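# Geometric and topological summary
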Amino acid sequence: MIPMQQKRAVRETRKGPADRIKVEISAGGIVFKRTPKGVRIAFIMDPFNKWAFAKGHVEKGESIVDAAVRETREEMGLKKLRVVVPLGTIDFWFRDRYRAETKGVLVHKYVHYFLMQTPTGAYGKPQKTEKIRRIIWTPLPKAMSTSSYEDVRPILQKAVDLFAQERRRGAHLPPAPSDARPPAK
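Computed from a predicted structure; not experimentally measured.

Criteria and thresholds
Residues numbered from 1 in each chain as written. Predicted model: local features only at pLDDT ≥ 70, side-chain atom pairs only at ≥ 80, totals over all residues. Heavy atoms only, no water. Buried < 20%, exposed > 50% of the residue type's maximum accessible area, 1.4 Å probe, protein only. Helix = DSSP H or I, 4+ residues; strand = E, 2+ residues; numbered from the N terminus. Pairing = 2+ DSSP bridges. 1 Å grid on protein atoms, 1.4 Å probe; cavity = no way out; pocket = protein on both sides within 12 Å on 5 of 7 lines; lining within 4 Å. Points joined across faces, edges and corners; volume = space filled by probe spheres on them. Nonpolar A, V, L, I, M, F, W, Y, C, P; charged D, E, K, R; others polar.

### Structural notes on the pairing of strand β3 (residues 38-45)
For β3, the buried fraction is high: seven of the eight residues fall into the buried class. Both strand β2 (residues 20-35) and β3 contribute to a ladder of four bridges, which runs antiparallel. Across the sheet, residue Arg34 finds its bridge partner in β3, namely Val39. The hairpin turn running from β2 into β3, its antiparallel successor, is two residues long. Relative to strand β8 (residues 134-139), β3 is paired through six bridges, and the arrangement is antiparallel. Note on β8: the bridge partner recorded for Arg40 is Pro139. Here β3 runs beside strand β4 (residues 51-52); their pairing, made up of two bridges, is antiparallel. Its bridge partner being in β4, Ile44 is matched across the sheet by Ala52.

### Details of the layout of surface pockets
Of the voids in this model, the largest pocket is the one considered here, and its volume is about 1200 Å³. What lines the largest pocket is a set of 35 residues, among which Pro47, Phe48, Lys55, Phe94 and Lys109 lie closest to the centre. Looking at the lining of the largest pocket, the elements that each hand over two or more residues are β2, β4, β5 (54-57), α1 (64-76), β6 (82-95) and β7 (106-117). For the lining of the largest pocket, the element with the most residues is β6, which contributes five residues. Residues of the lining of the largest pocket, tallied by class, amount to 15 nonpolar, six polar and 14 charged.

Set out below in structure tokens:
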């Protein structure tokens, strides 16, 4: 269940005596599929040549979960995604060096991640306009060592732990999606 305060994103820029601070809200997905050889986790090679997960900005009036599905579909070229469970939120600070309108601004970014499932035969297609270079499907036991970003590893660990619980219970999460509709709200 997603807390009420997370249902709609709020962006703001605050001016302080020393600096301007911009708050950004993003959302994305850790995508998995079941194969005859086991669970595979999808990674994208981002513009910085690092293995990451699809994510992007929440648009005005868009829910965080809808943004996560939209961004994951766009960046990975996956049509059928089913949100399984929210995995949590990370936050970090950086100084914007790329966008002309906010260059030099201190940014506090929050990224909400969701575990998403896609059908077994899905491979995806990297979104070249966002400089996504590749998509790989990594065996679950190698997922933690594949992740390039340390701050995302606790979120990935939650996903890995869900699959460990699933094995102990002997029951799978619900099956892959049969259509491309986003989750019910």
